[in-house]
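Listed here are the chains, written in short residue letters.
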Amino acid sequence: MLRNETLRNIALTPELHDYLLVQGRMLPDPLLAELAERTREAIPDQAHMVVAPEEAALLTFLVRLLGARTIVEVGTFTGSSSLCLARGLAPGGSLITCDVSAEWTALAREFWTRAGVADRIELRLGPAVSTLRALPAEPHVDLAFIDADKPGYIDYWEELVPRMRPGGLILVDNTLFSGQVIDEFPGVKAAAVHAFNEHARKDERVELVLLPVADGLTLARRLPAEATSF
Ligand SMILES: C[S@@+](CC[C@H](N)C(=O)[O-])C[C@H]1O[C@@H](n2cnc3c(N)ncnc32)[C@H](O)[C@@H]1O
């Protein structure tokens, strides 16, 4: 096997994960912690979908780093990631977030209001691909976050890449899919994520990195039209 000698990652124990969250200032604040708890109570079998604390903190950090004013999110659920994205928005900025579930996003609306960010978040209910196709076609998005149904990832990517401004950032969640992306016989979702990873890797319109943050996070930066990443 190739490159094993360059493997530097250490397995995180629960104790080391706690240490990471404390020292990295990535512990959820009381409101995010309450949202995670309310999600666990209301939707116990899906609560694992809430964005991990270290990724949540990274989202806010990247939005601020980029000075993002226009954000698109695919996959709202109960609103943790949108809350973190919206918190980082530059003044006057806005976030469009898409989901198919009115029930799950009701909790999101409650917590956006309590966090004081509801005025900058627009929730669009319906299949994300339709919502994305209805966005202006020109490159205007500063940051996008894809975190929805895995078989849809390539379609979401294809709708978003042309709409990203040069230098804009697409973040894609779960790109290691619990390690199942390298299974010989992956399930449907893992196979879809692997197909997406292959698709993105060959896309010359972006430069990208795939990082072992939480369940795998791909960061892709839109290149100017005349540049290619290869
Ligand atoms: C992993 S969860 C999103 C988690 C969220 N980012 C968070 O941090 O809490 C995936 C979400 O995608 C939504 N979803 C699934 N299929 C969709 C589709 N075709 N269009 C839009 N949203 C979809 C689900 O309803 C679910 O809320």
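For the structure, check the block above.
Residues numbered from 1 in each chain as written. Predicted model: local features only at pLDDT ≥ 70, side-chain atom pairs only at ≥ 80, totals over all residues. Heavy atoms only, no water.

(A) Looking closely at the layout of surface pockets. The computed volume of the second largest pocket comes to approximately 810 Å³. Forming the walls of the second largest pocket are 36 residues, and the residues nearest its centre are Met49, Asp147, Ala148, Lys150 and Asn174. Elements with a minimum of two residues in the lining of the second largest pocket: helix 4 (80–88) and strand 2 (94–99). By residue class, the composition of the lining of the second largest pocket is 16 nonpolar, twelve polar and eight charged. (1 Å grid on protein atoms, 1.4 Å probe; cavity = no way out; pocket = protein on both sides within 12 Å on 5 of 7 lines; lining within 4 Å. Points joined across faces, edges and corners; volume = space filled by probe spheres on them. Helix = DSSP H or I, 4+ residues; strand = E, 2+ residues; numbered from the N terminus. Nonpolar A, V, L, I, M, F, W, Y, C, P; charged D, E, K, R; others polar.)

(B) Broad picture of the site of the ligand. As a structural note, the neighbourhood of the ligand is formed by 18 residues, with Gly75, Ser81, Asp99, Ala128 and Asp147 the closest of them. In the environment of the ligand, an oxygen atom lies 3.3 Å from a nitrogen or oxygen atom belonging to the backbone of Phe77. Here a nitrogen atom of the ligand sits 3.3 Å away from a polar atom, N or O, in the side chain of Tyr156. The protein chains hide 89% of the 600 Å² of surface that the ligand would expose on its own. (Near = heavy atom within 4 Å. Polar contact = N/O pair within 3.5 Å; in protein donor to acceptor, adjacent residues only side chain to side chain. Areas by Shrake-Rupley, 256 points an atom, 1.4 Å probe, with all protein chains shown as cover.)

(C) Focus on the nonpolar core. Core analysis: the biggest nonpolar cluster contains 30 residues, and Ile71, Leu85, Leu143 and Leu171 have the highest contact counts within it. Other than its neighbours up to four places away in sequence, Leu143 contacts Leu62, Val63, Leu66, Ala68, Thr70, Ile71, Val72, Leu85, Met164, Leu169 and Leu171. (Core = buried A, V, L, I, M, F, W, Y, C linked by side-chain atoms within 4.5 Å. Buried < 20%, exposed > 50% of the residue type's maximum accessible area, 1.4 Å probe, protein only. Contact = heavy atoms within 4.5 Å.)

(D) Geometry of the packing of helix 3 (residues 53–66) against helix 4. Orientation of helix 3 relative to helix 4, taken along the N-to-C sense of each, is 30°, at an axis distance of 7 Å. Considering the angle they form, helix 3 stands roughly parallel to helix 4. Helix-helix and strand crossings are classified by hand; for helix 3 and helix 4 the assignment is right-handed. Along the contact surface, helix 3 presents Ala56, Leu59, Thr60, Val63 and Arg64, while helix 4 presents Ser81, Cys84, Leu85, Arg87 and Gly88. Tallied by class, residues from the contact of helix 3 with helix 4 come to five nonpolar, three polar and two charged. (Axes fitted to C-alpha atoms, helices over the stretch in contact; angles between N-to-C directions. Parallel < 35°, antiparallel > 145°, perpendicular 65-115°, else oblique. Left-handed = near helix turned anticlockwise from the far one by under 90°.)

(E) Highlighting unusual backbone geometry. The phi dihedral of Phe177 is positive, around 40°, even though this residue is not glycine. Tracing the backbone through its elements, the reader meets Phe177 in the loop between strand 5 (164–173) and helix 8 (188–201). Phe177 gets classed as buried once you look at its relative accessible area, which sits at 15%.

(F) Fine view of the pattern of salt bridges. Going through the model one piece at a time under the given rule, you end up with 16 salt bridges. Between Arg124 and Glu122 there is a salt bridge, and its shortest N-O distance comes to 2.8 Å. Note that Asp147 is salt-bridged to Lys150, the shortest N-O span being 3.9 Å. For Asp147, a relative accessible area of 15% gives the class buried. (Salt bridge = Lys/Arg side-chain N within 4 Å of Asp/Glu carboxyl O.)

(G) Structural view of a nonpolar patch on the surface. Together, Ile10, Leu12, Leu16, Tyr19 and Leu20 line one region of the surface with nonpolar side chains, adding up to about 470 Å² of accessible area. As for its placement among the helices and strands, Leu20 is situated in helix 1 (residues 14–23). (Patch = residues over 30% accessible without salt bridge, like charges linked within 9 Å, V, L, I, M, F, W, Y side chains within 5 Å.)

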